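# Coordinate analysis (summary)
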Amino acid sequence: MKISHIEHLGIAVESIEAALPYFTEVLGLEHYATEEVADQKVKTAFLRCGEVKLELLEGTSPESSITKWLEKGNKGVHHVAFCVEDGVKEALVEVEGKGVRLIDAAPRLGAEQLNIAFLHPKSTCGVLTELCEH
Ligand code: CMX
């Protein structure tokens, strides 16, 4: 597997509307897209920060993993997404072969129509890890 760069950092917020002014007006980042990922029960807002994006994540249901994570008292950086050059499907086979526990056994469509898959934080030094490909 070859990782080319960090594609985005996922940041969990209770309200995208309430969080955006910090990122746009204080940090001066460009908010260029908002999208709901229905099967993940999240709303996302994307900001550009040079080559890397920030993805603000707001749960849209009590069952959303974002809502549950915030309710446990967590906040802030929720996951790191790495861009893999040779395909998420191939990367999953490789990392599973190295003993990493997968959340997604196969790639699925995430925000911005990217092929994505999550690795379980228990296998990734506590950093919820997303692999994605363009
Ligand atoms: N970072 C680190 N650890 C995390 C975590 C996170 N973001 N989220 C959960 N965990 C840990 C929990 O603390 C828990 O540990 P313990 O067993 O020690 O308590 C363990 O992982 C399991 O967590 P859980 O709350 O019991 O399980 P959930 O049902 O909430 O699922 C998870 C959490 C990580 C397994 C997974 O379902 C998840 O969050 N997936 C990512 C979903 C997501 O971010 N979707 C956005 C997609 C947007 C897009 O398309 O880009």
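Right above here is the structure, for reference.
Residues numbered from 1 in each chain as written. Predicted model: local features only at pLDDT ≥ 70, side-chain atom pairs only at ≥ 80, totals over all residues. Heavy atoms only, no water.

The next point concerns the overall build of the protein chain. Per the secondary structure count, the protein chain includes three helices and eight strands. Counting from the amino terminus, the protein chain carries its helices and strands in the arrangement β-α-β-β-β-α-β-α-β-β-β. Rg of the C-alpha trace for the protein chain: 15 Å, near the compact-globule value of 14 Å for 134 residues, within the 12% margin. Structurally, the protein chain occupies a C-alpha span of about 45 × 30 × 25 Å along its principal axes. Expressed as a percentage of the 134 residues in the protein chain, the buried residues total 43%. Here the analysis covers contacts within the protein chain between residues at least 6 apart in sequence; of these, 51% occur between residues at least 24 apart. Only carbon and sulfur atoms are counted for the fraction: they give 53% of the accessible area of the protein chain, which is about 7,400 Å². Measuring between centres, the 13 positive side-chain charges of the protein chain sit 6 Å from its 22 negative side-chain charges. (Helix = DSSP H or I, 4+ residues; strand = E, 2+ residues; numbered from the N terminus. Rg over C-alpha atoms; globule rule 2.2 N^0.38 Å. Buried < 20%, exposed > 50% of the residue type's maximum accessible area, 1.4 Å probe, protein only. Contact = heavy atoms within 4.5 Å. Areas by Shrake-Rupley, 256 points an atom, 1.4 Å probe, with all protein chains shown as cover. Lys, Arg positive; Asp, Glu negative; His and termini not counted. Charge placed at Lys NZ, Arg CZ, Asp CG, Glu CD.)

Attention now moves to helix α3 (residues 88-97). Taken together, the buried positions of α3 are occupied by V88, A91, L92 and V95. Down the axis of α3, the buried side of the element spans an arc of 100°, and every buried residue falls inside it. Facing away from the buried surface of α3 by more than 90 degrees, the exposed residues are K89, V93 and G97. Contacts made by the buried residues of α3 are with β5 (76-84), β7 (115-119) and β8 (129-133). Remark: G99 follows α3 within two positions and exhibits a positive phi of approximately 90°. (Arc of directions from axis to C-beta.)

Any functional reading would require information that these geometric values do not contain.
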